[in-house]
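An overview of the molecular structure
What follows is each chain in one-letter form.
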Amino acid sequence: MCCATIYATDDMTAIAILGEYTATFAPHVATTAAIEHARMRLHAKVDAEWISTAAVDERLFERFDAVWIAPGSPYKDLELTLWAIQYARERGVPCFGTCGGFQHMVLEYARNVLGFRDAQHAEYDPYASRLFVTELACSLAGREMRLSFVAGSRVAAIYGALEATEAYYCNFGVNPEHVPLLAAGPLRITGSDAEGEVRVIELPGHPFFLGTLFVPQTRSTPEVPHPLVTAFVDAAVRARR
């Protein structure tokens, strides 16, 4: 377990970072740091705590105001991770997913909104019959790529731009065969790369339900907190209020 900042006050906003924390994994270290950068920018009282997916239970949302589904899959408990995402989506709890978190948000949506109960992630079962998340033809780990955002989307509003360059650490992404199915429901695909591959998803009307295949936290600094992380932390603070 790792905490970003702890305040002994009742008005503290609590953020759960779901994942298997590894101190030597750069995106994990960057996740904690980026929340602290956003906290300082917002002058907010925030406690960010890493929670193993195996430790998720029904009390999670009694303790926390928002949840960040972190990079670093496969997780110890897939089903509990999907339960947490579903709860946040249905109950209006701010939910942010990056890299592996993005992938699991896609999987939860495919199962519980689109109705494909057999939807699967190739990292858990590469031979499943309905893979919504598959291995990328070319690994994006360690690469930076240019992105385009949909005009009028939340992500475009957060960046204040229709383009950005971001870093990746992933080897899995949305199965291109299932993109039309993914786009058929209320979830919006609002960011893509130069080849048109899905890189950002968001749920309109939700306080904050947004996933990115890239890892914005790695580009955050104390001087320039990442806008996506800041927007998420702000949504968590507002949920607490």
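Preceding this paragraph is the structure being described.
The text that follows walks through the structure, step by step, so that each part is easy to find.

About the criteria used
- Residues numbered from 1 in each chain as written.
- Predicted model: local features only at pLDDT ≥ 70, side-chain atom pairs only at ≥ 80, totals over all residues.
- Heavy atoms only, no water.
- Pairing = 2+ DSSP bridges.
- Helix = DSSP H or I, 4+ residues; strand = E, 2+ residues; numbered from the N terminus.
- Axes fitted to C-alpha atoms, helices over the stretch in contact; angles between N-to-C directions.
- Contact = heavy atoms within 4.5 Å.
- Buried < 20%, exposed > 50% of the residue type's maximum accessible area, 1.4 Å probe, protein only.
- Salt bridge = Lys/Arg side-chain N within 4 Å of Asp/Glu carboxyl O.

**Some points on the sheet that holds strand E5 (residues 119-121)**
Read from one edge of the open sheet, 3 strands run E5-E6-E9, paired in mixed fashion. Each of the sheet's edge strands pairs with one partner strand only, and the pair in question is E5 and strand E9 (172-174). Neighbour to neighbour, the strand axes of the sheet diverge by 30° on average, direction disregarded. In terms of strand pairing, strand E6 (residues 130-135) meets E9 through 3 bridges, oriented antiparallel. Bridge assignment links Val133 to a residue of E9, and that residue is Val174. Lying on the sheet, helix H4 (residues 100-112) is in contact with E5, E6 and E9; it crosses E5 at an angle near 165°.

**Some details on unusual backbone geometry**
Looking along the chain, the bond that leaves Ser73 and enters Pro74 is cis, with omega of 10°. In this fold, Pro74 is placed in the loop between strand E3 (66-69) and helix H3 (78-91). In this structure, His43 is a non-glycine residue whose phi angle is positive, near 55°. Along the chain, the position of His43 falls in the loop between helix H1 (26-42) and strand E2 (46-51). On the basis of relative accessible area, His43 is assigned to the exposed category, the value being 72%. Residues other than glycine seldom take positive phi values, yet Cys99 does so here, at roughly 60°. Residue position: Cys99 is located in the loop between strand E4 (95-98) and H4. The class for Cys99 is buried, based on a relative accessible area of 7%.

**Topic: the environment of Gly205**
Relative to the helices and strands, Gly205 is located in the loop between strand E11 (198-202) and strand E12 (209-212). Along the primary structure Gly205 and Leu82 are separated by 123 residues, whereas in three dimensions their C-alpha atoms are 21 Å apart.

**Describing the sheet that holds strand E8 (residues 163-167)**
Pairing is mixed in the open sheet, where 9 strands are placed in the order E2-E1-E3-E4-E12-E11-E10-E7-E8. In this open sheet, the two edge strands, each paired with only one partner strand, are E2 and E8. For this sheet, the mean inter-axis angle between neighbouring strands, taken without regard to orientation, is 25°. Pairing analysis gives 3 bridges linking E11 to E12, with the strands arranged antiparallel. Of the residues in E12, the one forming a bridge with Ile201 is Gly211. Along the sheet, H3 contacts strand E1 (13-18), E3, E4 and E12; its crossing angle with E3, the most-contacted strand, is approximately 135°.

**A short note on the pattern of salt bridges**
Under the criterion given, the structure shown has 14 salt bridges. Where Glu49 meets Arg63, a salt bridge forms, and the shortest distance between an N and an O atom there is 3.4 Å. Linking Glu49 in strand E2 with Arg63 in helix H2 (residues 60-63), this pair joins segments that are 14 residues apart in sequence. Between Asp57 and Arg59 there is a salt bridge, with the nearest N and O atoms lying 2.7 Å from each other.

Purely spatial values, then, with no claim about function.
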